[in-house]
Amino acid sequence: TFSGKNIKLNADEKNDEELMLTLAHEVRHSWHKNTLHTNQLHTPPKKEWLMDRIQEADCFAFEIHFGYEYEKATGKKINLGSRANACNNAYGYTCMMENYTANRDSGMSTADAYGKLLNKAFLRVHSLEYDDDFLGDQESRWKLVIDKPVVGILYKERWETPVTDAD
């Protein structure tokens, strides 16, 4: 998990290579927050939900990209452990990794291959029901304002000066 500036990994649940991929995923979340400052954007709920989806898809894509680069640099095949699944849909982890590898190995640019991977990662986020989690986060956050109106001051700027699409 990633929260604030801390990443917590459960070594009892995964092999070392799975932990490495999980760490890459969580470091990407940290990069969104601490480098891009996405947590400081004053977005209304719908845009915040979309941003959550985009960031989660990017984290899945990034961990696959990282895995590809790791395999190329070390010559070792990653043990996907619980991530390994039959390539029975375009957004299964193994299928996404195989597709990204094929695209990169065929000479496709990193940017183009990553773009195709990101499209599949959006389907993965949706299939894992993250959408419901993100909506639940929104509901609990904004319900707090209804339950305790004084908390609304924390969100006042989001409503009065929302970010533009360009931001």
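Note that the coordinates shown come from a computational prediction; the quantities given were computed from them, not determined experimentally. (Residues numbered from 1 in each chain as written. Predicted model: local features only at pLDDT ≥ 70, side-chain atom pairs only at ≥ 80, totals over all residues. Heavy atoms only, no water.)

### Some remarks on the overall build of the protein chain
Point 1. When helices and strands are tallied, the protein chain shows six helices and two strands.
Point 2. Judged by the C-alpha coordinates and their principal axes, the protein chain covers about 55 × 40 × 30 Å.
Point 3. Residues classed as buried in the protein chain amount to 38% of the 167 residues present.
Point 4. Looking at the protein chain alone, contacts between residues at least 24 apart form 69% of all its contacts between residues at least 6 apart. (Helix = DSSP H or I, 4+ residues; strand = E, 2+ residues; numbered from the N terminus. Buried < 20%, exposed > 50% of the residue type's maximum accessible area, 1.4 Å probe, protein only. Contact = heavy atoms within 4.5 Å.)

### Details of the nonpolar core
Nonpolar side chains tend to gather and get buried jointly when the protein is soluble and globular.
Point 1. Judged by nonpolar contacts, the single largest core of 21 residues is most densely connected at Ile64, Ile78 and Tyr100.
Point 2. Elements represented by at least two residues in this core include exactly α1 (16-34), α2 (45-74), α3 (93-105) and α4 (110-127).
Point 3. Residue contributions to this core peak at seven residues, all from α2. (Core = buried A, V, L, I, M, F, W, Y, C linked by side-chain atoms within 4.5 Å.)

### Points about the side chain of Asp58
Point 1. Counting through the fold element by element, Asp58 comes out in helix α2.
Point 2. Polar side-chain contacts of Asp58 include one of 2.6 Å to the side chain of Arg28. (Polar contact = N/O pair within 3.5 Å; in protein donor to acceptor, adjacent residues only side chain to side chain.)

### Describing the pattern of salt bridges
Point 1. Applying the stated rule across the entire model yields four salt bridges.
Point 2. Between Arg28 and Asp58 there is a salt bridge, and its shortest N-O distance comes to 2.6 Å. Placement of Arg28 in helix α1 and of Asp58 in helix α2 is noted, with a sequence separation of 30 residues between them. Accessibility classification places Arg28 together with Asp58 in one group, the buried group.
Point 3. Note that Asp105 and Lys72 form a salt bridge whose closest N and O atoms lie 3.2 Å from each other. Of this pair, Asp105 sits in helix α3 while Lys72 is found in helix α2, placing the two residues 33 residues apart along the sequence.
Point 4. Judged by its relative accessible area of 48%, Lys72 falls in the partly exposed class. (Salt bridge = Lys/Arg side-chain N within 4 Å of Asp/Glu carboxyl O.)

### Some thoughts on α3
Point 1. Here α3 is 13 residues long and its end C-alpha atoms lie 18 Å apart, about the 18 Å a rise of 1.5 Å per residue gives.
Point 2. Those residues of α3 that sit buried are Tyr93, Thr94, Cys95, Met96, Met97, Tyr100, Asn103 and Arg104.
Point 3. Buried residues along α3 sit in contact with α1, α2 and α4.
Point 4. Of the residues trailing α3, Gly107 is marked for its positive phi of about 100°. (Expected span 1.5 Å × (residues − 1).)

### Let's talk about the confidence of the model for the protein chain
Point 1. Of all residues in the protein chain, 94% attain a pLDDT of 70 or more, and the chain-wide mean is 84.
Point 2. Mean pLDDT values over the elements of the protein chain span from 69, in helix α6 (residues 156-160), up to 93, in α3. (pLDDT = per-residue confidence, 0-100.)

### Some details on the packing of aromatic side chains
Point 1. For the structure on display, the rule yields one aromatic pair.
Point 2. Aromatic side chains Tyr68 and Tyr100 sit 5.6 Å apart centroid to centroid with 85° between the ring planes, which places their arrangement in the edge-to-face category. One end of the pair, Tyr68, is in helix α2; the other, Tyr100, is in helix α3, and 32 residues separate them in sequence. The exposure classification of Tyr68 matches that of Tyr100, with both residues buried.
Point 3. Lying over the aromatic face of Trp31, Arg28 brings its terminal NZ or CZ to 4.3 Å of the ring centre.
Point 4. Sitting over the face of the ring of Phe60, Arg124 holds its NZ or CZ atom 5.2 Å from the ring centroid. (Phe/Tyr/Trp six-rings, centres within 6.5 Å; stacked < 30°, edge-to-face > 60°. Lys NZ or Arg CZ within 6 Å of the ring centre and 35° of its normal.)

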